[in-house]
Amino acid sequence: MEKEVIDAVTMKRAITRITYEIIERNKGIQDIALVGIKTRGIYLAQRIAERLKQLEQIDVPVGELDITLYRDDVDHQQEEAELHSSDIPFSVEGKQVILVDDVLFTGRTIRAALDAVMDFGRPQKISLAVLVDRGHRELPIRADYVGKNIPTSTKEEIIVEMEELDGQDRILIRKD
């Protein structure tokens, strides 16, 4: 059973809210770089970068991060993990990197992303922006920028649909 909890208009507002918070907390965006975690985090990072350009007239670099090999919760008996490529076409050295993902749940994806980013260099600071924080953390990780807090049970699943992949923008809760 699925229920829509966020429609396209509300989702756009949440992304805009994250964008304004980034500008306010960083007193500008000169040293900022966005790194989207595959897959939907990439599209969110691109949207935030577009919004930042509209508001501040500055191009913020956007990278793509694949954390497949850094995960600690994959089935180690799989013959080969599905591997995608990371694409960070800028140096992270001295940058204020903002990791971007669609849903923050246990924190394991973010832990893996932190390890992956550090393999590219040593940023001045790493922050986290998520569209949805659903709770149930297993690691001491919290988001710096949150579009929406959606409390869930562990038996529920948050599904983020994005125009670029799914043909529409919305967020659903699926109950088992």
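Look above for the structure.
About the criteria used
Residues numbered from 1 in each chain as written. Predicted model: local features only at pLDDT ≥ 70, side-chain atom pairs only at ≥ 80, totals over all residues. Heavy atoms only, no water. Pairing = 2+ DSSP bridges. Helix = DSSP H or I, 4+ residues; strand = E, 2+ residues; numbered from the N terminus. Axes fitted to C-alpha atoms, helices over the stretch in contact; angles between N-to-C directions. Contact = heavy atoms within 4.5 Å. Expected span 1.5 Å × (residues − 1). Buried < 20%, exposed > 50% of the residue type's maximum accessible area, 1.4 Å probe, protein only.

J.: Could you give an account of the sheet that holds strand S1 (residues 2-6), naming the residues involved and the relevant values?
T.: Taken in spatial order, the 3 strands make up an open sheet running S1-S8-S7, and their pairing is antiparallel. Each edge of the open sheet carries a strand with a single partner, namely S1 and strand S7 (156-161). If you compare each strand with its neighbour and ignore which way they point, the axes differ by 30° on average. Alignment of S7 against strand S8 (residues 170-175), held across 6 bridges, turns out to be antiparallel. Among the inter-strand pairings, Ile 158 is bridged to a residue of S8, identified as Ile 173. Contacts from helix H1 (residues 8-26) reach S1, S7 and S8 within the one sheet, and its direction differs from that of S1 by about 45°.

J.: Which residues make up H1, and what are the values?
T.: The end-to-end C-alpha distance of H1, which contains 19 residues, comes to 27 Å, matching closely the 27 Å that a straight helix rising 1.5 Å per residue would cover. Regarding H1, the residues found buried are Met 11, Ala 14, Ile 15, Thr 16, Ile 18, Thr 19, Glu 21, Ile 22, Ile 23 and Asn 26. Lys 27 sits one or two positions beyond H1 and adopts a positive phi of about 45°.

J.: Which residues make up the sheet that holds strand S3 (residues 62-65), and what values go with them?
T.: Taken in spatial order, the 5 strands make up an open sheet running S3-S2-S4-S5-S6, and their pairing is parallel. The two strands at the open ends of the sheet, each matched to only one other strand, are S3 and strand S6 (145-149). Within this sheet the neighbouring strands show an average axis-to-axis angle of 25°, counted without direction. Against the sheet, helix H2 (residues 40-56) engages strand S2 (32-37), S3, strand S4 (96-104) and strand S5 (125-133), with an angle of about 150° to S2. Here helix H3 (residues 108-118) sits on the sheet and contacts S2, S3, S4 and S5; the angle it forms with S4, its principal contact strand, is near 155°.

J.: Summarise unusual backbone geometry; cite the residues concerned and give the values.
T.: Omega for the bond connecting Lys 38 with Thr 39 falls within 30 degrees of zero, at 10°, which places this linkage in the cis form. Looking at where Thr 39 falls in the secondary structure, it is placed in the loop between S2 and H2. One non-glycine residue, Gln 57, adopts positive backbone phi at about 55°. Residue position: Gln 57 is located in the loop between H2 and S3. Backbone geometry at His 136 places phi at a positive 70°, although glycine is not the residue there. In this structure, His 136 sits in the loop between S5 and S6. Taking the relative accessible area as the measure of exposure, His 136 reaches 32% and is therefore partly exposed.

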